[in-house]
Amino acid sequence: MGNTSQQKTTSAIDAHHYTYQVRWDAKSKQYQATVAELTECTAASPSQIEALTAVETEAMRRIAAMHAAGIPAPIPLTERRYSGKILLRIPPELHRELSIAAATQHISLNRLIANRLAGGAADEETSDNQSDV
């Protein structure tokens, strides 16, 4: 089921801590609810609240079934430990461009990339908030 460092016994898992998303699906004309940690766990309803409630109930049912089968449930994303390290492959030309930018700014390549990623995440949040208005 995956990396054991990302799992713990199902009896210790609280389904309320999972990452839920509810979104409108124009094709089915219903709200679709999903659980990031349990990708096969979904629910649909004409009501946002009903879709969320149904998918949360399904998540609890699946966790109980995993527990009964002795299978560890995934740890909620917000409770996982992250190393802060990622391996990223980029084209050599981009690597060169970023290295030059970092050198001219007198910062490490790592700092430059982290700053740009953080700026991109802030830009995504801003655009998400603006689209809600």
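Above this text is the structure in question.
Since the model is a prediction, treat every value here as computed from it, not as a measurement.

Q: I keep staring at the side chain of E56 and nothing clicks. Help me out?
A: With respect to the helices and strands, E56 occurs in helix α1 (residues 48–69). Setting aside anything within four residues of it in sequence, one finds E56 in contact with A15, H16 and Y20.

Q: Even after reading the chapter, I still don't get the pattern of salt bridges, so can you show me in this structure?
A: Side chains that carry opposite charge are capable of pairing whenever their charged atoms lie near each other. Summed over all chains, the structure comprises three salt bridges. A salt bridge links E58 to R61, with the shortest nitrogen-to-oxygen separation between them at 2.6 Å. Of this pair, E58 and R61 both sit in helix α1, three residues apart, roughly one helical turn. For E58, a relative accessible area of 18% translates into the label buried. Between R62 and E58 there is a salt bridge whose closest N-O contact spans 2.7 Å.

Q: What's the story with the nonpolar core in this structure? I'm lost.
A: One recurring pattern in soluble globular proteins: nonpolar side chains tend to sit buried together. The biggest cluster of nonpolar side chains holds 15 residues, and the ones touching the most others in it are Y18, V35 and L38. Here the element with the most residues in this core is α1; it accounts for five residues. Dropping the residues within four chain positions of it, V35 is found in contact with Y18, T19, Y20, C41, V55 and A59.

Q: Would you mind going over helix α2 (residues 92–105) with me for this structure?
A: At 3.6 residues per turn, the α-helix brings residues three or four places apart onto the same side. With 14 residues, α2 should cover 20 Å at 1.5 Å per step; its first-to-last C-alpha distance of 20 Å lies within 8% of that length. For α2, the set of buried residues is L98, A101 and A102. Buried residues in α2, looked at end-on, bunch into an arc of 100 degrees, giving them a common side. Those residues of α2 that are exposed and angled more than 90 degrees off the buried face are P92, E93, R96, A103 and T104. Looking one or two residues past α2, H106 carries a phi angle of roughly 60 degrees, positive in sign.

Q: What's the story with α1 in this structure? I'm lost.
A: The end-to-end C-alpha separation of α1 is 32 Å, in line with the 32 Å expected for 22 residues at 1.5 Å each. Packing partners of the buried residues in α1 comprise β2 (20–25), β3 (30–35), β4 (38–45) and β5 (73–74). The opening residue of α1 is S47, an N-cap whose side-chain oxygen sits 3.3 Å from the backbone nitrogen of I49. Looking at the residues trailing α1, positive phi occurs at G70, about 75 degrees.

The rules behind the values
Residues numbered from 1 in each chain as written. Predicted model: local features only at pLDDT ≥ 70, side-chain atom pairs only at ≥ 80, totals over all residues. Heavy atoms only, no water. Helix = DSSP H or I, 4+ residues; strand = E, 2+ residues; numbered from the N terminus. Contact = heavy atoms within 4.5 Å. Salt bridge = Lys/Arg side-chain N within 4 Å of Asp/Glu carboxyl O. Buried < 20%, exposed > 50% of the residue type's maximum accessible area, 1.4 Å probe, protein only. Core = buried A, V, L, I, M, F, W, Y, C linked by side-chain atoms within 4.5 Å. Expected span 1.5 Å × (residues − 1). Arc of directions from axis to C-beta. Polar contact = N/O pair within 3.5 Å; in protein donor to acceptor, adjacent residues only side chain to side chain.

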